[in-house]
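Residue-level structural notes
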Amino acid sequence: MKSDSYKKIKKPQSINFALLKHFLLLAFFLIVFVEVIFFLVVGNIIEARAKERLTHVGREVAVFVGGKNEIAISNFLRGFREEGINVYVLSGDGKVLLPVADDADEDFGREIDGIKKRLENVGFGGSVIFSDKNNLKYATEIGYNGGAFLFATYSLKIINGAKNVLLVYFVVLGVVVLLVSMLIAFGISQKLSSGVKNLSATAVRFSKGDYNVNFTNSEYQELADLSDTLNSVRDEVKKSDCFKRELLANVSHDLKTPLTMIKAYASMIREISGDNPEKRDKHLQVIIDEADRLTGLVNDVLSVSKVNSHLDELNFKVFNLTEFLYGIINKFEYLQETQGYKIMVDVGANLYTRADEEKIGQVIYNLLGNAVNYTGEDKTVYISLKSNLSGDRITLKIRDTGKGIAKNELPEIWDRYYRVNETHTRPVKGTGLGLNIVKVILKNHSFDFGAESEVGKGSTFWIDFPSVSSEIEVEQTK
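Residues numbered from 1 in each chain as written. Predicted model: local features only at pLDDT ≥ 70, side-chain atom pairs only at ≥ 80, totals over all residues. Heavy atoms only, no water.

Focus on the sheet that holds strand E7 (residues 342-347)
Strand pairing in a sheet relies on backbone hydrogen bonds. The paired strands run either parallel or antiparallel. Overall, mixed pairing links the five strands, which are arranged E7-E9-E10-E12-E11 in an open sheet. Of all strands in the sheet, those with a lone pairing partner are E7 and strand E11 (448-454), marking the two edges. Neighbour to neighbour, the strand axes of the sheet diverge by 15° on average, direction disregarded. Inspection of the sheet shows E7 paired to strand E9 (residues 380-387) by six bridges, in the parallel sense. Considered in E9, the bridge of methionine 344 is made with tyrosine 382. (Pairing = 2+ DSSP bridges. Helix = DSSP H or I, 4+ residues; strand = E, 2+ residues; numbered from the N terminus. Axes fitted to C-alpha atoms, helices over the stretch in contact; angles between N-to-C directions.)

Shown next as structure tokens:
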């Protein structure tokens, strides 16, 4: 026995063929269903009309025979034969009384007993209609010649013949309708599948790296929605590809410098300062700093992968946001002492929030580092942490005095690998991933955040934190 893995893979069908096949099957079953219903209905109508006509003829003859001579009655009865109705006046033993002459030898002795029995339940003047294999029959009792029976027959061959003709018409009509349906189905399937084929062909080009393709809209809403979605995917993939290229260039450049420095200072220690403790310590510190810089670059890349893949779970806790913010600001003290940067602080006292402390620290550090990188010639960064009037929200604002960001670029600054293309000093090294990390972490917290900027006047980044009481922290630690 062959394994399931060796089972023959079913060849996919053409969407054009599948649409045509299912449309024709539907049309065929609908045509058959409608024709059967119509045939049964019309066939029953034909038979009902035959019974109505036979009853009408019987009543007409029953009225006519009163006071007329035999010749006149016989001629009147023979007049119905043109439409296939044979009418007789029978005696009590089944002899034909009328019409005379040519029907004198015909005998209904076998029929008369059945007729009498059927008429017992209807009384004089009543009538019955019944049938056998060949004829539809009508019978009633009349007062002709002291008492007789009116008996009329209508051949079922005529009724069945009409049904057969009708069946032929229905079959021919069904074939014609099916052929017309085939043409319509072919046209519809071609029209429907053409849009899908165009999208498929465009998608193949897109999969091969052609980002200039355009998924054209279709007249059908579903295909139009699919085209719009694929165009959005194309734009995002194109943007991501460009950003990745820039990231590779940036990371390659940022990695090259510290690696070169580490190698150069390691060589200097081995060849020059190995026996000089002061110079050796200085050179070793450079190696340590550059190694830290490498670690930071790698951590940035890993962080954006983890937060976007939701691999990091949030660990919510209540903490003092004021003290926490000052702790991060102190890490930038070396820039104030060595490079003349100024960090202007306006922070409310003892403001508590509930969040993942480590992740929020990463957010604030990235925003503060971004402000330092892009601030203006005055090298000043403004930090504000204030509670609102109702005391239920805390707003953190970090503002720089740099060149600002154009309105058309402002929504894109949160994208991965995005970096405003301008020359700036960068005392805090990065890879262009910081703001994307900020966005993902704050979205995971469901915190409101944003950025405001005006060209030539700098940018302000803000975060809206929930404010909680410090008493909650005490209760949580019990």
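Notes on the sheet that holds strand E3 (residues 127-131)
In space, the five strands of this open sheet follow the order E2-E1-E5-E4-E3, with antiparallel pairing throughout. Strand pairing shows two members of the sheet lacking a second neighbour, strand E2 (96-98) and E3, which therefore form its edges. Each adjacent strand pair in this sheet contributes to an overall mean axis angle of 30°, direction not counted. The pairing of strand E1 (residues 85-90) with strand E5 (residues 148-155) spans six bridges and is classified as antiparallel. Bridging across to E5, valine 89 finds its partner in leucine 150. Contacts from helix H2 (residues 70-78) reach E1 and E2 within the one sheet, and its direction differs from that of E2 by about 100°. On the sheet, helix H3 (residues 109-119) packs against E1, E3, strand E4 (135-142) and E5 and is oriented at approximately 105° with respect to E5. (Contact = heavy atoms within 4.5 Å.)

Focus: the pattern of salt bridges
The tally for this structure, following the rule as stated, stands at 10 salt bridges. Across the pair glutamate 83 and arginine 53 runs a salt bridge whose closest N-O atoms are separated by 2.7 Å. Here glutamate 83, found in the loop between H2 and E1, pairs with arginine 53, found in helix H1 (residues 15-64); they are 30 residues apart in sequence, far enough to count as distant. Between arginine 234 and aspartate 235 there is a salt bridge; the shortest N-O distance is 2.9 Å. A cluster of three or more residues bridged by salt bridges with shared partners is formed by Glu111, Asp132 and Lys137. (Salt bridge = Lys/Arg side-chain N within 4 Å of Asp/Glu carboxyl O.)

Here's the deal with the nonpolar core
Counting 42 residues, the largest nonpolar core has Ile360, Ile383 and Leu396 as its most contacted members. Counting only elements with at least two residues in this core, the list comes to helix H7 (321-330), E7, helix H9 (357-374), E9, strand E10 (393-400), helix H10 (434-445), E11 and strand E12 (458-466). The greatest single-element share of this core, amounting to seven residues, is contributed by H9. Setting aside residues no more than four positions away along its own chain, leucine 396 makes contact with Leu325, Ile364, Ile383, Ser384, Leu385, Phe461, Trp462, Ile463 and Phe465. (Core = buried A, V, L, I, M, F, W, Y, C linked by side-chain atoms within 4.5 Å. Buried < 20%, exposed > 50% of the residue type's maximum accessible area, 1.4 Å probe, protein only.)

Details of the packing of aromatic side chains
Two numbers describe a pair of aromatic rings. These are the distance of the centres and the angle of the planes. Taken as a whole and assessed by the stated rule, the structure comprises 11 aromatic pairs. Considering the side-chain rings of tyrosine 88 and phenylalanine 108, the 4.9 Å spacing of their centres and the 50° angle between planes classify their relative orientation as tilted. In this pair, tyrosine 88 sits in strand E1 while phenylalanine 108 sits in the loop between E2 and H3, placing the two residues 20 residues apart along the sequence. Classification of phenylalanine 108 as buried rests on a relative accessible area of 10%. Judged by centre distance (5.6 Å) and plane angle (70°), the rings of phenylalanine 447 and phenylalanine 465 are edge-to-face. Pair noted here: phenylalanine 447 is in the loop between H10 and E11 and phenylalanine 465 is in strand E12, with a separation of 18 residues, a long-range link. Cluster of aromatic residues (ring-pair linked, three or more members): Phe64, Phe76 and Phe80. Here the guanidinium or amino end of arginine 399 rests over the ring plane of tyrosine 382, the centre of that ring lying 4.1 Å away. (Phe/Tyr/Trp six-rings, centres within 6.5 Å; stacked < 30°, edge-to-face > 60°. Lys NZ or Arg CZ within 6 Å of the ring centre and 35° of its normal.)

Topic: helix H4 (residues 156-207)
For H4, spanning 52 residues, the distance from its first C-alpha to its last is 72 Å, which sits close to the expected 76 Å at 1.5 Å a residue. The N-terminus of H4 is capped by serine 155, whose side-chain oxygen sits 3.2 Å from the backbone nitrogen of lysine 157. Phi for glycine 209, located one or two positions after H4, is positive at around 100°. (Expected span 1.5 Å × (residues − 1). Polar contact = N/O pair within 3.5 Å; in protein donor to acceptor, adjacent residues only side chain to side chain.)

As for the packing of H7 against H9
Where H7 contacts H9, the axes come no closer than 10 Å and their chain directions differ by 50°. For the element pair H7 / H9, the angle class is oblique. Note that H7 runs across H9; the crossing there is right-handed. Here H7 contributes Leu321, Phe324, Leu325, Ile328 and Ile329 to the contact with H9, which in turn contributes Glu357, Ile360, Gly361, Ile364, Tyr365 and Leu368. For the contact of H7 with H9, the class distribution of residues is nine nonpolar, one polar and one charged. (Parallel < 35°, antiparallel > 145°, perpendicular 65-115°, else oblique. Left-handed = near helix turned anticlockwise from the far one by under 90°. Nonpolar A, V, L, I, M, F, W, Y, C, P; charged D, E, K, R; others polar.)

A word on the pairing of E10
A one-sided burial pattern is seen for E10, the buried positions being Ile394, Leu396, Ile398 and Asp400 and the unburied ones Arg393, Thr395, Lys397 and Arg399. Strand direction decides the pairing type here: E9 and E10, joined by seven bridges, are antiparallel. Residue pairing for E10: serine 384 is matched across the bridge by lysine 397. In this antiparallel pair of consecutive strands, E9 and E10, the connection spans five residues, and glycine 391 shows a positive phi of 80°. As paired strands, E10 and E12 are joined by seven bridges and run antiparallel to one another. From the neighbouring strand, arginine 393 faces E12, where its bridge partner is proline 466.

Some remarks on H10
Count 3.6 residues to each turn of an α-helix, and residues three or four apart come out pointing the same way. Here H10 is 12 residues long and its end C-alpha atoms lie 17 Å apart, about the 16 Å a rise of 1.5 Å per residue gives. In terms of residue burial, H10 counts as a mostly covered element, since 10 of its 12 residues are buried. Following H10 by one or two positions, serine 446 adopts a phi angle in the positive range, close to 65°.

Structural notes on a nonpolar patch on the surface
On the surface, Phe23, Val168, Val172, Val176, Val180, Ile184 and Ile188 cluster together to form a nonpolar patch covering roughly 550 Å² of accessible area. In terms of residue count, the dominant contributor to the nonpolar patch is H4 (six residues). Mapped onto the elements of the fold, valine 172 is located in helix H4. Using a relative accessible area of 47% as the deciding quantity, one classes valine 172 as partly exposed. (Patch = residues over 30% accessible without salt bridge, like charges linked within 9 Å, V, L, I, M, F, W, Y side chains within 5 Å. Areas by Shrake-Rupley, 256 points an atom, 1.4 Å probe, with all protein chains shown as cover.)

As for the environment of glycine 43
Structurally, glycine 43 can be placed in helix H1. Judged by its relative accessible area of 3%, glycine 43 is buried. Placed 117 residues apart in sequence, glycine 43 and asparagine 160 show a C-alpha to C-alpha distance of 8.6 Å. Once residues lying within four places of it in the same chain are set aside, the contact partners of glycine 43 are Phe38 and Lys163.

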